[in-house]
Amino acid sequence: MKKIRTVIIDDEAPAREIIKHYLKDLDSIEIIAECADGFCGLKSISFMKPDLVFLDIQMPRLTGIELVEVLTEKPVIIFITAYDQFALKAFELNAVDYLLKPFPKIRFLDAVNKAIDKIRSGTENLEPANQLLAKKPEPASPINRVVVRKGNSINLIPIEQIKYVEAQDDYVMIYHSSGKALKQQTMKYYEDNLPVADFVRIHRSYIVSVHEINRIEPYGKDNHVAILHSGDKLPVSRSGYKHLKEELNF
Amino acid sequence: MKHPVLNNRVRLIVWWLVWLFLASGQTLLFYYAFGKFAKISIPDTILSLIIYSGIALSLWYPFSYFNKEGTKPISLITNLVASGAISITLWMVLTKSIMLLVLPEQNNYREYWDATFPYRIGTGVFIYGLIVLSYYLFISLINLSEKKAKEARLESLVKETELKMLRSQINPHFLFNSLNSVSSLTITDPEKARDMVIKLSEFMRYALSKKDEQPVSLRSEFENLKLYLDIEKVRFGDKLFTEDHIDENCLETKIPAMLLQPLYENAIKHGVYESIELVKIITQVKIIDGHVEITISNNYDSGPSSKKGTGTGLLNVARRLELYYGNKASINTTKENGIYTVTLYIPTDYF
């Protein structure tokens, strides 16, 4: 049978060592790459197209979560992290399992077997994910950057550069100071994770940075339109107008 | 409440001096007004004021009783007027009876008594007023100082609680990642694993034992920080490099325990966690004008980080400095050419 091609991504050498050690006895697994940061990990996955990835979350350059967000073809992923706060997010990203450091070998093998099942048969055991989803998520701290992919290059957009976010079916278009970028994510995600002091959802399809608003004018009977410094005009719904009023105190 | 006069020798002397003053006043007054009764007026005055003084001393007990919390002003006034009337009546009856007993010229005394009667009432009310005033002044002073002491106690309690909260907690991320490293090292390098467990234990012992707010020497603080950095070096290997320039003369200076820990945690978090380059943490400690200057700097990746820091670590250190040293210590930070520097000034002989 074909071996399962595996990549290990963790910024701490001892953490990679123990995974390698646990995998040594498994003939079905072949380690094809190791990485100590997110960029390296993204490159390895993009070029080598592994079947399975062990992925740490807190890493320099690109976090494990951000890395998965920009992958177009997702391999089977086992998240490995020291702290529980990302677990829920990991499952939203279709991770087959996640391990909390330090983990016992039996728990590790259990995760690997789940991954092998998924790779070989395409079926999946959703039990741990459902358990986690039943847990109440911790209030996330606001994000500080958005990672987008443009062709082969990866851009980190600091949120200060984001002008507005527009809903486009299953995607969002992020307009920023040096262009625009499409990303597969929900408006809800940005509404929840952008700092509330800087961004307001003015419409079902628009979240705007309050710093970009030049003026707000009435439009039609009881709608408004926000005119940005750039000249762009965005519709403001009635509830959006209420949010703006609260945020900007007018 | 204790009796304000009887329990204090100085106050007792002052008390009698005031009565002597009152007595001479009354004697002079009566002498000039009713000159012919000089022989009577002097002993009468002395006796009457001794009696009044005795009554006045005992008035303290009903007064401190009247003053119980929650007494309505109207009942307080009624009580005071009633006890005043009783005291003055008692005083006059006692004075008159005793004088009539001891004085041979009884008819003269009756005449004198009738002549001075309105003045006596006046004096009685005046003195009663003085007593009420001085007792209540005393009571309110006591209450004020008690209130102040209570406030001071409360304030120090609040401060203590706040200090406890501000003391840096061990970061769970650090703990679990370190334990994971140990778990890995037990297989690849058991010797190193044991070393790491010992260091981690020592670090934890230090962090956990500093529950009280006793200051520690810079020497032990830096020894502990070295443990912390050594543990991080096991995790991150060559990526983390530290360099110390510490003036030996500073090492006995006392500072609050675990004060510097959050600053190094920040250096690791924003430096090592976010960078793929070598991160150098440089510590400099020297004495300048009776202050220890501690400078901690690290390089960092200038790209946008995944999460913005909340600034809690730095704020906590600043707040602790303020609570401990008032305005005698300070903390500054600068960001220049990819180097983050935090500088603390702490008085050398504060504790």
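Residues numbered from 1 in each chain as written. Chains lettered and ligands numbered in written order. Predicted model: local features only at pLDDT ≥ 70, side-chain atom pairs only at ≥ 80, totals over all residues.

Caption draft 1: Structural view of the overall build of chain B. Regarding its fold elements, chain B presents nine helices and seven strands. Evaluated residue by residue, chain B yields a buried proportion of 26% over its 351 residues. (Helix = DSSP H or I, 4+ residues; strand = E, 2+ residues; numbered from the N terminus. Buried ≥ 20, exposed ≤ 12 C-beta atoms within 10 Å, placed from the backbone.)

Caption draft 2: View of the packing of helix α6 (residues 190-209) of chain B against helix α7 (residues 218-236) of chain B. All names here are of chain B. It is at 9 Å that the axes of α6 and α7 come closest, and there the two elements cross at 140°. With respect to α7, the axis of α6 lies oblique. α7 is crossed by α6, and the crossing has left-handed handedness. Between α6 and α7, the residues in contact are Met 196, Lys 199, Leu 200, Glu 202, Phe 203 and Tyr 206 and Asn 224, Leu 227, Tyr 228, Asp 230, Ile 231 and Val 234, respectively. Per-class residue counts for the contact of α6 with α7 are eight nonpolar, one polar and three charged. (Axes fitted to C-alpha atoms, helices over the stretch in contact; angles between N-to-C directions. Parallel < 35°, antiparallel > 145°, perpendicular 65-115°, else oblique. Left-handed = near helix turned anticlockwise from the far one by under 90°. Contact = placed C-beta atoms within 7 Å. Nonpolar A, V, L, I, M, F, W, Y, C, P; charged D, E, K, R; others polar.)

Caption draft 3: Region of interest: the sheet that holds strand β9 (residues 171-176) of chain A. Residue and element names in this part refer to chain A. Strand order in the open sheet made by the five strands is β10-β9-β8-β12-β11, with antiparallel pairing throughout. Strand pairing shows two members of the sheet lacking a second neighbour, β10 (179-183) and β11 (199-203), which therefore form its edges. Across this sheet, the average inter-strand angle for adjacent strands is 20°, counted without regard to direction. Here six bridges tie strand β8 (residues 162-168) to β9, and the two strands are oriented antiparallel to one another. Note on β9: the bridge partner recorded for Tyr 164 is Tyr 175. (Pairing = 2+ DSSP bridges.)

Caption draft 4: Summary view of the interface of chain A and chain B. Across the contact, 23 residues belong to chain A and 27 residues belong to chain B. Broken down by secondary-structure element, the contributors of at least two residues to the side of chain A that touches chain B are α1 (13-23) and β7 (153-158) of chain A. At six residues, the largest contribution of residues to the side of chain A that touches chain B is made by α1(A).

Caption draft 5: The arrangement of unusual backbone geometry in detail. Of note, the amide linkage connecting Lys101(A) to Pro102(A) takes the cis form, showing an omega dihedral of -15°. Its location among the elements puts Pro102(A) in the loop between β5 (97-100) and α5 (105-121). One non-glycine residue, Asp169(A), adopts positive backbone phi at about 50°. Within the fold, Asp169(A) resides in the loop between β8 and β9. Overall, Asp169(A) belongs to the exposed group, with 6 C-beta atoms counted inside 10 Å. At Asp289(B), a residue that is not glycine, the phi angle is positive and equals roughly 50°.

Caption draft 6: Here's a closer look at the sheet that holds strand β5 (residues 291-299) of chain B. Residues and elements named next belong to chain B. The five strands are arranged β2-β4-β5-β7-β6 in an open sheet whose pairing can be described as mixed. On the outer flanks of this sheet lie β2 (240-246) and β6 (330-336), each paired with one strand and no other. Within this sheet the neighbouring strands show an average axis-to-axis angle of 15°, counted without direction. Relative to strand β7 (residues 339-347), β5 runs antiparallel, the two being bridged by nine bridges. Among the inter-strand pairings, Ile 294 is bridged to a residue of β7, identified as Leu 344. Those strands touched by helix α8 (residues 261-272) are β2, β4 (279-288), β5 and β7, and its axis lies near 15° from that of β5.

Caption draft 7: Quick peek at the pairing of strand β12 (residues 206-209) of chain A. All names here are of chain A. One ladder, built from three bridges, connects β8 with β12; its direction is antiparallel. Bridge pairing in β12 links Glu 166 to Tyr 206. Bridge count for β11 against β12 is four bridges, and the pairing is antiparallel. Note on β12: the bridge partner recorded for Phe 199 is Ser 209. In sequence, β11 turns back onto β12 through a hairpin of two residues.

Caption draft 8: Representation of the nonpolar core. With 58 residues, the main nonpolar core has Ile77(A), Ile78(A) and Val208(A) as its most contacted residues. If one sorts the elements of this core by residue count, strand β4 (residues 76-81) of chain A sits on top with five residues. For this core, the two domains that each supply at least three residues are domain 1 (4-134) and domain 2 (145-248) of chain A. For Ile77(A), the residues in contact, after removing those within four places along its chain, are Val53(A), Leu55(A), Val68(A), Ala95(A) and Val96(A). Counting 37 residues, the second-largest nonpolar core is a separate cluster that includes Tyr206(B), Leu227(B), Phe236(B) and Ala267(B). (Core = buried A, V, L, I, M, F, W, Y, C linked by C-beta atoms within 7 Å. Domains from an automatic or database assignment.)

Caption draft 9: Layout of the pairing of strand β2 (residues 29-35) of chain A. Residue and element names in this part refer to chain A. For strand β1 (residues 4-9) and β2, the ladder comprises six bridges, and the chain directions are parallel. Residue pairing for β2: Ile 8 is matched across the bridge by Glu 34. Handedness of the crossover joining β1 and β2 through α1 is recorded here as right-handed. (Right-handed = clockwise from strand over helix to strand, strands pointing away.)

Caption draft 10: Quick look at α1(A). Residues Pro14(A), Ala15(A), Arg16(A), Glu17(A), Ile18(A), Ile19(A) and Leu23(A) constitute the buried set of α1(A). Contacts made by the buried residues of α1(A) are with β1, β2 and β3 (52-56) of chain A together with α5 (172-188) and α7 of chain B.

Caption draft 11: Structural detail: the confidence of the model for chain B. Across chain B, the average pLDDT comes to 86, with 96% of residues at 70 or higher. Two summary scores accompany this predicted model of the complex, namely pTM at 0.66 and ipTM at 0.72. (pLDDT = per-residue confidence, 0-100.)

Caption draft 12: Representation of helix α9 (residues 312-325) of chain B. All names here are of chain B. Taking 1.5 Å per residue, 14 residues should reach 20 Å; α9 reaches 20 Å between its end C-alpha atoms and fits that length. Among the residues of α9, those classed as buried are Val 317, Arg 320 and Leu 321. The buried residues of α9 occupy an angular sector of 100° when the element is viewed end-on, so they sit on one face. Considering only its buried residues, α9 is in contact with α4 (106-166), β3 (254-256), α8 and β6. The positive-phi residue at the C-terminal boundary of α9 is Gly 326, with phi of around 65°. (Expected span 1.5 Å × (residues − 1). Arc of directions from axis to C-beta.)

Caption draft 13: Geometry of the packing of α5(B) against α6(B). Residue and element names in this part refer to chain B. α6 packs onto α5 with a crossing angle of 155° between their chain directions and a minimal axis gap of 7 Å. Considering their axes alone, α5 and α6 lie roughly antiparallel with respect to each other. As α5 runs across α6, the sense of the crossing is left-handed. Across the interface between the two elements, Ser 178, Ser 181, Val 182, Leu 185 and Thr 186 of α5 pack against Pro 190, Lys 192, Ala 193, Met 196, Val 197 and Leu 200 of α6. Within the contact of α5 with α6, the residues separate by chemical class into seven nonpolar, three polar and one charged.

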